[in-house]
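Chain and residue survey
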Amino acid sequence: FRNVTGVQTCALPICAVIKTAVLKATSGQPNAPDYLPEYCEILGEIKPVDPKAPVIKFGVNLPTSWNQKAWHIGGQGTNGIVPVDLAAVLRYGQPGFRAGSPLNATYPPDAPTPLGKGYATFGGDSGHENPPPAPRGTGPQAPAGSIALEWEKNEEAWMNYTYQGLQKTKDVAFEIMQRMYGTKSKITYFGGQSNGGRDSLNTANRFGDEYDGVLGAGPLTFWTGWGLEAALRVKNQLDPEIGRAHA
């Protein structure tokens, strides 16, 4: 492995660009929960067909000593970030932990990470970036999901979020494995919780033949209700008639 930037591959029906590839040194002790072997951390982007749609940002971690297996990690919340657990699996109470992070609530606290056991790992942001949280002291904010974001109005971006981004990210990760190792993954698993659990159900139903196992924890399956609930709550709070009725 070597550190590279700006490598582009358009051999697939989709076009991907590797932005950075950095060789990471070994840390921790083998078989310990925090152990990470030497690996190549690859970050890149998948270009959209519609120029108005956002790119899909992805991450792929390739261990120098590979077991020829891979884990595809699902998203969290409304996605919008490359999964945080592609390398270290953060547990509750650890610095950097984010509620809803894929796998951490379901992963055994004393078990080595997938990367630590020799798996390649990969995942993507599903084709959009979440806006940063509003700073403190700026007053009440509309609940998440109550106002449509720009990416939600773009059909390709929405389809990438609902399920197509999973397929595109997997295809690019497999192409990178083929080029780096000379072969694709022999056994591939998918895992995630919450929205990543929804990703798991989509993977099992739409792309099940391409995976050897799927782990879905606490899947967000009531998608329509979840999407409408915040907007209805805001409407009820702001409607003058409803407000007077509860005065």
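The structure this text deals with has already been given above.
Residues numbered from 1 in each chain as written. Predicted model: local features only at pLDDT ≥ 70, side-chain atom pairs only at ≥ 80, totals over all residues. Heavy atoms only, no water.

**So, empty space enclosed by the protein**
Here the structure, examined in full by the defined rule, presents one cavity of 30 Å³ or more. Space inside the largest cavity adds up to approximately 70 Å³. Class assignment of the residues belonging to the lining of the largest cavity gives a composition of two nonpolar, eight polar and two charged. (1 Å grid on protein atoms, 1.4 Å probe; cavity = no way out; pocket = protein on both sides within 12 Å on 5 of 7 lines; lining within 4 Å. Points joined across faces, edges and corners; volume = space filled by probe spheres on them. Nonpolar A, V, L, I, M, F, W, Y, C, P; charged D, E, K, R; others polar.)

**Examining unusual backbone geometry**
In this structure, glutamine 68 takes a positive phi of about 65° despite not being glycine. With respect to the helices, strands and loops of the structure, glutamine 68 is situated in the loop between strand E4 (56-63) and strand E5 (69-73). Given the relative accessible area of 35%, glutamine 68 is considered partly exposed. One non-glycine residue, serine 194, lies in the positive phi region at around 60°. Note on placement: serine 194 falls in the loop between strand E7 (187-193) and helix H2 (195-207). (Helix = DSSP H or I, 4+ residues; strand = E, 2+ residues; numbered from the N terminus. Buried < 20%, exposed > 50% of the residue type's maximum accessible area, 1.4 Å probe, protein only.)

**Side note on the packing of aromatic side chains**
A complete count under the given rule lists nine aromatic pairs for this structure. Aromatic pair tyrosine 119 and tyrosine 189: ring centres 6.3 Å apart, planes at 55°, arrangement tilted. Of this pair, tyrosine 119 sits in the loop between E5 and strand E6 (120-124) while tyrosine 189 is found in strand E7, placing the two residues 70 residues apart along the sequence. Judged by its relative accessible area of 12%, tyrosine 119 falls in the buried class. The interplanar angle of 25° and the centroid separation of 5.9 Å between the aromatic rings of tryptophan 151 and tryptophan 158 together place this pair among those described as stacked. For tryptophan 151, a relative accessible area of 8% corresponds to the buried category. By way of ring pairs, the aromatic residues Trp71, Tyr119 and Tyr189 are connected into one cluster. Residue placement shows lysine 170 over the ring face of phenylalanine 174; its charged tip is 5.0 Å from the ring centre. For arginine 206, the ring lying beneath its charged end belongs to tyrosine 163, and the centroid distance is 3.7 Å. (Phe/Tyr/Trp six-rings, centres within 6.5 Å; stacked < 30°, edge-to-face > 60°. Lys NZ or Arg CZ within 6 Å of the ring centre and 35° of its normal.)

**So, the pairing of strand E8 (residues 213-217)**
The sheet contact formed by E7 and E8 spans five bridges and is parallel. Paired with glycine 192 across the two strands is glycine 216, which belongs to E8. For the handedness criterion, the β-α-β arrangement of E7, H2 and E8 is classed as right-handed. (Pairing = 2+ DSSP bridges. Right-handed = clockwise from strand over helix to strand, strands pointing away.)

**Examining H2**
For H2, which comprises 13 residues, the first-to-last C-alpha distance of 17 Å matches the rise-based estimate of 18 Å (1.5 Å per residue) to within 8%. Listing the buried residues of H2 in full gives Asn195, Gly196, Gly197, Arg198, Asp199, Ser200, Asn202, Thr203 and Phe207. (Expected span 1.5 Å × (residues − 1).)

Remember that the coordinates give geometry; whether it matters functionally is a separate question.
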